[in-house]
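# Structural overview for review
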Amino acid sequence: MSKPELQLSGDVDQDMLNDDSNSSEYVEMWVDLFLGRKGHEYFCEVDADYITDRFNLINLQKAVPKFTQVVQYIVDDLSEKTLENMTPQRLEVLETDARKFYGLIHARYIITVKGLQKMYAKYKEADFGRCLRVHCNFQPLLPVGLHDIPGKDCVKLYCPSCEDLYNPKSSRHASIDGAFFGTSFPGMFLQAFPEMVPRHPTRRYVPKIFGFELHKQAQLARWQELQRRKLEKKLIDNNVDLSRNGGYRSAE
Amino acid sequence: MSEYMDDRTPSSEEDSGTYDEWIPSFCSRFGHEYFCHVPTMFIEDDFNMTSLAQEVPHYRKALDLILDLEEVSGDEASGEMDVDGASNGASGKPPIVSRSIIEHAAEQLYGLIHARFILTKQGLQAMAEKFDHKQFGTCPRYFCNGMQLLPCGLSDTIGKSTVRLYCPSCQDLYLPQSSRFLCLEGAYWGTSFPGVFLKHFKELEDYVERKGKESYELRVFGFRINDQAVSGQRMKWLRQYPQTNEEWDEFAKCEFELPQA
């Protein structure tokens, strides 16, 4: 981890700076502890430089009380003395605030060039799980929030193959705040890595009884296929190459 | 469930005291939560077993095992010629059928009987109870709001594919969430089950029709992505339902075939 460059002007004593370099040798970094926690597999590591850059924290000051202290806590910049003087209750509050704050910075970080790279590595490993839809062929998923304001809804998973939204498999992941990933992440990700956009499956499942398709379901499937063909035609008319990423996989 | 438990008792009560009955112990095994109990009455009816003898090896012994009619000891040689006796006879020496082979055959046979039974009225009732208790899991799709799933196979012959789950709400097919169900044979539920289930319980279709038909569209900072971009929306049709009058007209034209543009 690179040495945090402190741009938090004024609030930091000089002795805290000195403390930092030797304390990190025997104490595990807060960020590492956070990432190692069970259920936090979706998060990536946010650079300390990014966290301490005030510009990146615009409008986050009001998100938690004692904002400066929380930032210092996250980058392990609080002196031992300060921590020792805190009551257990205060420490607990600080820890909760730090987690929330890290989540909010995380949402901003993962749509930066560096953050996208880190999430790309996680996506490649299918850290966010795979789509359970049969025709999606184990497509790796991407985390997404439905709101950018914390405390509204939990994280969901977006499948780039069927373009739909799924609930995480494990309840541990299902309880993470969606705002920690943000509403724009999958869109940014797929624009940054267009080669990661799969070709979309066109195969459908229609329930059958002894080989005969159910009429109502089959009719709907036909109508939906008609909508797809109309879109396909429109795209081809606009010279979009559908034989490559973002195109359609043939039904067979 | 009690309704058909009663059916079984008269036939198996007298010999159930000493050892576990095969069907309940099979259904209560870990990972067998999708199976329901097939009453012995159903199995004892030869009509229901039509042509199963050709599909399962050691049919007789397997059937006896399922019905708890006879203890098959580990080293007992099969005296009678089974329907598929020819395959054993090829080796020349008297065929030795071990308990584990019979056990395996019994599982296959029970699975195929199960696929037939769940299409009967009684079977549908039993499966509906499991459905209500979400024993087949719920749809992972966010907008399906935890709709219960129905197990189904992609083929009616053994060994083709594992069990899949059908969501009546999004009308799509999913893999089981838990890995313990990933290796279950799909033919044990059969291809027709979700269809028959939907047609039998009309209220389910009505309920699904009344449900909200929301779908998701990817946005970046609140803006839509252009259709022509590589990451543009290409799958809207998959979750689309007719809304406007023109769309309903178009829908009517799709009644029997895809209209040519």
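Quantities reported herein were computed from a predicted structural model and do not represent experimental measurements. (Residues numbered from 1 in each chain as written. Chains lettered and ligands numbered in written order. Predicted model: local features only at pLDDT ≥ 70, side-chain atom pairs only at ≥ 80, totals over all residues. Heavy atoms only, no water.)

### Here's the deal with the overall build of chain A
Using the following cut-off: Secondary structure counts use DSSP, requiring at least four H or I residues in a row for a helix and at least two E residues in a row for a strand, with both numbered from the N terminus. Exposure categories follow from relative accessible area, calculated using a 1.4 Å probe and restricted to protein chains: below 20% of the type maximum is buried, above 50% is exposed, and the middle band is partly exposed. In what follows, residue pairs with any heavy atoms lying within 4.5 Å of each other are defined as contacts. With residues, only the protein chains shown are counted as cover, and all accessible areas are computed by Shrake-Rupley using a 1.4 Å probe.
Assigned secondary structure in chain A consists of 10 helices and 7 strands. Out of the 252 residues in chain A, the part that is buried amounts to 53%. In chain A, the share of contacts with a sequence separation of at least 24, taken over all contacts with a separation of at least 6, comes to 66%. Carbon and sulfur atoms form 51% of the exposed surface of chain A, whose accessible area is close to 12300 Å².

### Remarks on the overall build of chain B
Broken down by element type, chain B carries 11 helices and 5 strands. Sorting the 261 residues of chain B into buried and exposed places 51% on the buried side. Sequence separation of at least 24 residues holds for 65% of the intrachain contacts in chain B that already meet a minimum separation of 6. Total accessible area computed for chain B in this model is approximately 12800 Å², and 52% of it derives from carbon and sulfur atoms.

### Considering the confidence of the model for chain B
Detailed reading of the predicted coordinates is not advisable wherever pLDDT is low. Formally: The predictor attaches a confidence to each residue, called pLDDT, with possible values from 0 through 100.
Chain-level statistics for chain B give a pLDDT mean of 85 and a share of 82% at 70 or above. Confidence over residues 74-92 of chain B falls short of pLDDT 50; this stretch has 19 contacts with residues more than four positions distant or in other chains.

### Overview of the environment of Gly159 of chain B
Residues and elements named next belong to chain B. Topologically, Gly159 is positioned in the loop between β1 (150-152) and β2 (164-167). Residue Gly159 is classed as exposed on the basis of its relative accessible area, which comes to 63%. Distance in space between the C-alpha atoms of Gly159 and Glu185 is 6.9 Å, their sequence separation being 26 residues.

### What about the pattern of salt bridges?
Worth spelling out the cut-off: We define a salt bridge as a side-chain nitrogen of Lys or Arg found within 4 Å of a carboxyl oxygen belonging to Asp or Glu.
As enumerated under the stated definition, the model contains 26 salt bridges over all chains in all. The partner of Glu33 of chain B in a salt bridge is Arg180 of chain B, with the nearest N and O atoms 3.0 Å apart. With Glu33 of chain B in the loop between α2 (22-27) and α3 (40-44) and Arg180 of chain B in the loop between β3 (172-174) and α9 (193-200), the pair connects residues that are 147 residues apart, well separated along the chain. Taking the relative accessible area as the measure of exposure, Arg180 of chain B reaches 34% and is therefore partly exposed. Through salt bridges with shared partners, a single network forms among Arg133 and Asp164 of chain A together with Arg141, Asp172 and Arg239 of chain B.

### Thoughts on the interface of chain B and chain A
Quick note on the threshold: Polar contact is defined as a pair of N or O atoms within 3.5 Å, subject to the rule that within protein one atom must be able to donate a hydrogen and the other to accept it, and that residues adjacent in sequence are counted only when both atoms are side-chain atoms. Here the term charged refers only to Asp, Glu, Lys and Arg, the term nonpolar to Ala, Val, Leu, Ile, Met, Phe, Trp, Tyr, Cys and Pro, and the term polar to all other amino acids, Gly among them.
Across the boundary between the two partners, chain B contributes 56 residues, which contact 62 residues of chain A. The salt bridge partner of Asp172 of chain B is Arg133 of chain A, with a shortest N-O separation of 2.5 Å. At the boundary of chain B with chain A, the tally comes to 26 residue pairs in polar contact (both at pLDDT 80 or more). Looking at the side of chain B that touches chain A element by element, the count peaks at 5 residues for α9 of chain B. Residues belonging to the side of chain B that touches chain A are distributed by class as follows: 31 nonpolar, 10 polar and 15 charged.

### Section: the sheet that holds strand β1 (residues 142-144) of chain A
Strand pairing in a sheet takes place through backbone hydrogen bonds and is either antiparallel or parallel in direction. All names here are of chain A. Test applied: Between any two strands, pairing holds if DSSP finds at least two bridges. Comment: axis = line fitted to C-alpha atoms, over the contacting stretch for helices; angle = value between 0 and 180 degrees taken between N-to-C directions.
The antiparallel open sheet is built from 3 strands, whose spatial order is β1-β2-β3. Since the sheet does not close on itself, it has two edges, and those belong to β1 and β3 (164-166), each with one partner. Strand after strand, the sheet turns through a mean of 40 degrees between neighbouring axes, direction not considered. Bridge analysis of strand β2 (residues 156-159) against β3 gives 3 bridges, and the strand direction is antiparallel. Bridging across to β3, Cys159 finds its partner in Asp164.

### A few points about the nonpolar core
Selection rule: Think of a nonpolar core as a cluster: buried Ala, Val, Leu, Ile, Met, Phe, Trp, Tyr and Cys residues, connected wherever their side-chain atoms sit within 4.5 Å.
With 135 residues, the main nonpolar core has Phe101 and Phe189 of chain A together with Ile113 and Phe197 of chain B as its most contacted residues. At 8 residues, helix α7 (residues 99-117) of chain B tops the list of elements feeding residues into this core. Excluding its chain neighbours within four sequence positions, the residues that come into contact with Phe197 of chain B are Leu124, Met127, Ala128, Phe131, Leu150 and Leu204 of chain B.

### What about the sheet that holds β2 of chain B?
Residues and elements named next belong to chain B. Here 3 strands make up an open sheet; going across it, the order is β1-β2-β3 and the pairing antiparallel. With partners counted over all chains shown, the strands left at the sheet margins are β1 and β3, one partner each. Between one strand axis and the next, the sheet turns by 40 degrees as a mean value, whatever way the strands run. Pairing of β2 with β3, which is carried by 3 bridges, proceeds in the antiparallel orientation. When the sheet's bridge partners are listed, Tyr166 is paired in β3 with Leu173.

### Concerning the packing of aromatic side chains
Note the cut-off: In this scheme Phe, Tyr and Trp rings, the latter by its six-membered ring, pair at centre separations within 6.5 Å, and the angle between planes marks the pair as stacked below 30 degrees, edge-to-face above 60, and tilted otherwise.
Under the defined criterion, the tally for this structure stands at 37 aromatic pairs over all chains. A ring pair is formed by Phe67 of chain A and Phe101 of chain A, whose centres lie 5.5 Å apart and whose planes are at 65 degrees; its orientation type is edge-to-face. Note that Phe67 of chain A is positioned in helix α4 (residues 67-74) and Phe101 of chain A in helix α6 (residues 88-109), a separation of 34 residues in sequence. Overall, the relative accessible area of 0% leaves Phe101 of chain A in the buried class. Their ring planes at 50 degrees and their centres at 4.8 Å tell us that Phe197 of chain B and Phe201 of chain B sit as a pair that is tilted.

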